[in-house]
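# Inside the fold
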Amino acid sequence: QVRLVESGGGLVQAGGSLRLSCAPSGRTFSNYAMGWFRQAPGKEREFVAAVRWSGSRTDYADSVRGRFTISRDNAKKTWYLQMNSLKPEDTAVYYCAQASQYVLDLKLRSEYDYWGQGTQVTVSS
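Let me sum up the structure you'll find in this document. All figures in this text were calculated on a predicted structure; none of them were measured in a lab. (Residues numbered from 1 in each chain as written. Predicted model: local features only at pLDDT ≥ 70, side-chain atom pairs only at ≥ 80, totals over all residues. Heavy atoms only, no water.)

Within the secondary structure, serine 30 sits in the loop between β3 (18-26) and β4 (33-39). Judged by relative accessible area, serine 30 falls into the partly exposed class, the value being 44%. Those residues in contact with serine 30 that lie beyond four places of it in its chain are Gln98, Ala99 and Ser100. (Helix = DSSP H or I, 4+ residues; strand = E, 2+ residues; numbered from the N terminus. Buried < 20%, exposed > 50% of the residue type's maximum accessible area, 1.4 Å probe, protein only. Contact = heavy atoms within 4.5 Å.)

Given below as structure tokens:
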């Protein structure tokens, strides 16, 4: 069973930065793409950012483009979400996700097979 372990969430003031990390533990499978999603209270889980394992493509939600950066360390099988210029509307539980097969659309939740437990990010105004 693949387990994804997230870290790096917390409380930050508007305009600040945080970096989230996600790494698999236990048995690992082929990794075709890694992503980040978030869910605010009372809202659906939404796409934030994703990257193909090969690094050939990244994708971002319009709301975070230019402020967030997704990256990966293949040797450590770890991926990151650097979040800058944070806004109160970025407050949510952030989930990392991993796809074990080729992904056609990086933005679709259904493309991902494994999920982390979520880490809270709170941005105060």
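After presenting the structure, the write-up continues.
Here the focus is the sheet that holds β3. Reading across the sheet, the four strands line up as β1-β3-β8-β7 and stay open at both edges, with antiparallel pairing between neighbours. The two strands at the open ends of the sheet, each matched to only one other strand, are β1 (2-7) and β7 (68-73). Taking each pair of neighbouring strands and ignoring which way they run, the sheet shows an average axis angle of 20°. In this structure, β1 lies alongside β3, joined through six bridges in antiparallel fashion. For glutamate 6, the partnering residue across the bridge sits in β3 and is cysteine 22. (Pairing = 2+ DSSP bridges. Axes fitted to C-alpha atoms, helices over the stretch in contact; angles between N-to-C directions.)

All right, on to the state of the cysteines then. One pass over the full model with this rule turns up one disulfide. Paired through a disulfide, cysteine 22 and cysteine 96 show a sulfur-sulfur distance of 2.0 Å. Negative torsions about the S-S bond denote left-handed disulfides, and the value of about 50° found for cysteine 22 with cysteine 96 makes this one right-handed. Here cysteine 96 lies in strand β9 (residues 92-99) and cysteine 22 lies in strand β3, a separation of 74 residues in the sequence. When its relative accessible area of 0% is taken as the criterion, cysteine 96 is described as buried. (Disulfide = S-S within 2.5 Å.)

Along the chain, serine 125 falls in the segment after β11 (119-124). For serine 125, a relative accessible area of 88% puts it in the exposed group. For the pair serine 125 and serine 7, spaced 118 residues apart in sequence, the C-alpha to C-alpha distance is 23 Å. When sequence neighbours within four positions are dropped, the list of residues in contact with serine 125 reads Ala14 and Pro88.

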